[in-house]
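Observations on chain architecture
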Amino acid sequence: MDWHAWHERYDRPGSSYPRRLETVQARLREELDRMPPGPLRIVSLCGGQGHDVVGALTGHPRAADARVRLVELDPRNVEAAREAAAAAGLEHFEAIAGDAADTAHLAGAVPADIALVCGLFGNISDSDIERTVDHCTELVRDGGAVIWTRHRQDPDTFPAICGWFEERGFTRQWVSAPDAGYGVGVHRSTTAPRPLAPGASLFTFVGYDVLRAT
């Protein structure tokens, strides 16, 4: 899979990809609106070209307060994210080329106010989804939010993911309709964050094309 070319799907009028992106951006803006004054932290795992976070922050009153760390494996996507952030005037935007599963890339950026886990859960095994959800208790502060996505195709793991978050002290704030053509969820933490596990691996990225073939 060419994950740089994959982002061209956001330019397909009428498809679910731009609609999902718009939904994630809207939910992120809502979370920004409720944050208290002062600096705030955002982390994005497998953040691609940063369309979601850059798009939500562009023109938002809290843009100058946001300290963003985006972690993405493909260096072409990282460069595209940096260019987009610079064009939007985001001064505190850090894009790292590396494996987002490696907690070393998150050190110093968590616990965050908002964690974006978008485009990941459809590309890893169910057991790794649950493991990543468990590690989300390290990624956001008490009251912080995780914005996540997962397709609703069979087998539909979306309800199970909601349950995994809620078993770990997150409350469900918003989920997309089952027939939306995509799945987006927002869960907020109600507990103090666990310390970030040093040297841990959150997941093994497989790819949805490989998962569907097995």
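Residues numbered from 1 in each chain as written. Predicted model: local features only at pLDDT ≥ 70, side-chain atom pairs only at ≥ 80, totals over all residues. Heavy atoms only, no water.

This paragraph deals with the side chain of R62. Checked against the element boundaries, R62 lands in the loop between helix 2 (51–57) and strand 2 (66–72). Look at R62 and you get buried, because its relative accessible area is 11%. One polar contact links R62 to D65, side chain to side chain, over a distance of 2.6 Å. With residues up to four places along the chain from it excluded, the contact list for R62 reads L32, M35, P36, P37, G38 and L40. (Helix = DSSP H or I, 4+ residues; strand = E, 2+ residues; numbered from the N terminus. Buried < 20%, exposed > 50% of the residue type's maximum accessible area, 1.4 Å probe, protein only. Polar contact = N/O pair within 3.5 Å; in protein donor to acceptor, adjacent residues only side chain to side chain. Contact = heavy atoms within 4.5 Å.)

Turning our attention to the sheet that holds strand 3 (residues 93–97). Strand order in this open sheet of 7 strands is 3-2-1-4-5-7-6, and the pairing throughout is mixed. Each edge of the open sheet carries a strand with a single partner, namely strand 3 and strand 6 (170–175). Sheet twist, expressed as the mean angle between neighbouring strand axes with direction ignored, is 15 degrees. Sheet topology note: the strand 6/strand 7 (residues 184–189) ladder contains 5 bridges and is antiparallel. In the sheet register, F170 faces strand 7, and the bridge partner there is S189. Across the sheet, helix 1 (residues 16–34) lies against strand 1 (40–45), strand 4 (112–117), strand 5 (140–149), strand 6 and strand 7, angled at about 170 degrees from strand 5, the strand it touches most. Across the sheet, helix 3 (residues 75–87) touches strand 2 and strand 3, and the angle it forms with strand 3 is around 170 degrees. (Pairing = 2+ DSSP bridges. Axes fitted to C-alpha atoms, helices over the stretch in contact; angles between N-to-C directions.)

Moving on, we get to the pairing of strand 5. With 8 of its 10 residues buried, strand 5 lies for the most part within the structure. Note that strand 4 and strand 5 share 5 bridges and pair parallel. Bridging from a neighbouring strand, A115 pairs with V146 of strand 5. Across 5 bridges, the pairing between strand 5 and strand 7 is antiparallel. Bridged to T149 within strand 7 is V184.

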